Amino acid sequence: MDLQDQLKNLFPEHIEEESEATADTSKGLWIQDDPILCKYEKRKGKPITILDGYTGATEDFKALAKELKTTLSVGGSFKDDKIIIQGDYRDKIMTILKEKGFQVKRVGG
């Protein structure tokens, strides 16, 4: 007897309903309370944008990195729990993350 059968025995009048909120969280990324930090740096004379401070699963952060790179059509990488995007795309990245429901904080300049 699994958990579902036990619950049906305890609450026979309960009707199962699928909510949209549970369906969205299974597909989407985990939204955190703390803001993601969006930094700008120059390495070897070339500008880069660094996203740091995500506290969710690493796989979710990697998926977010891939989505950002394909949306912006730029190169980048995922290293040491940071997303590194080639170029200065702070404004565009912050807009994309805010549309997804993340809080974003701009650091520097």
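Throughout, a residue's number is its position along its own chain's written sequence, starting from 1. Restriction of local features to residues with pLDDT of at least 70 applies here, the model being predicted, together with a cutoff of 80 or more for giving and counting side-chain atom pairs; totals for whole chains, interfaces and linings are based on all residues. Hydrogens are left out, water is left out, and the side-chain values use all remaining heavy atoms of the structure.

Per an unreviewed UniProt entry, the recorded name for the chain is Translation initiation factor, and the organism is Bizionia hallyeonensis.

Every helix listed is a DSSP run of H or I at least four residues long, and every strand listed is a run of E at least two residues long, numbered separately from the N terminus. Expected helix span is taken as 1.5 Å per residue step, with the number of steps being one fewer than the number of residues. End to end, helix 3 (residues 58–72) covers 21 Å across 15 residues, agreeing with the expected 21 Å (1.5 Å per residue, within 8%). Any residue under 20% of the maximum accessible area for its type is buried, any over 50% is exposed, and the rest in between are partly exposed; the area is computed with a 1.4 Å probe on protein chains only. The complete set of buried residues in helix 3 reads F61, L64, A65, L68 and L72. Projection of helix 3 onto a plane perpendicular to its axis shows the buried side chains occupying an angular sector of 100 degrees, all on one side. Residues of helix 3 that are exposed and angled more than 90 degrees away from the buried face: E59, K66 and T70. The contact rule is simple, with two residues in contact once any of their heavy atoms fall within 4.5 Å. Contacts from the buried residues of helix 3 go to strand 2 (46–52), strand 3 (76–79), strand 4 (82–86) and helix 4 (90–100). Regarding the arc, it is the one traced by the directions from the helix axis to the C-beta atoms.

This part is about the pairing of strand 2. Within strand 2, five of the seven residues are buried, leaving the element largely enclosed by the surrounding structure. The rule for pairing is simple: two strands pair if DSSP sees at least two bridges between them. The loop that links strand 1 (residues 36–43) with its antiparallel partner strand 2 comprises two residues; one of these, K44, has a positive phi angle of about 55 degrees. Pairing between strand 2 and strand 4: four bridges, direction antiparallel. The residue of strand 4 that forms the bridge with I50 is I84.

This part takes up the environment of L64. You can see L64 is positioned in helix 3. Under the relative-accessibility criterion, L64 is labelled buried at 1%. Separated by 33 residues in the primary sequence, L64 and L97 place their C-alpha atoms 9.3 Å from one another.

Bringing the sheet that holds strand 4 into the picture now. Strands sit in the order 3-4-2-1-5 across an open sheet of five strands; the sheet is mixed. The open sheet has two edge strands with one neighbour each: strand 3 and strand 5 (104–107). Direction aside, neighbouring strands of the sheet carry axes that sit 25 degrees apart on average. Sheet topology places strand 1 next to strand 5; four bridges connect them, and they run parallel. When the bridges of strand 5 are listed, L37 appears paired with K105. In the packing of helix 3 onto the sheet, contacts are made with strand 2, strand 3 and strand 4, and the angle to strand 4 comes to roughly 10 degrees. Here, axes are lines fitted to C-alpha atoms. For helices the fit covers the stretch in contact, and angles between N-to-C directions go from 0 to 180 degrees. Across the sheet, helix 4 touches strand 1, strand 2, strand 4 and strand 5, and the angle it forms with strand 5 is around 165 degrees.

Moving on to the nonpolar core. We define a nonpolar core as any set of buried Ala, Val, Leu, Ile, Met, Phe, Trp, Tyr and Cys residues linked to one another through side-chain atoms lying within 4.5 Å. Membership of the largest hydrophobic core comes to 18 residues, with the highest contact counts inside it found for L51, L64, L68, I83, I93, L97 and F102. When residues of this core are traced back to their parent elements, those giving at least two are strand 1, helix 3, strand 4 and helix 4. Considering every element that reaches this core, the biggest residue donor is helix 3, with five residues. With near-sequence residues (within four places) excluded, I93 lies in contact with T49, L51, L68, L72 and I85.

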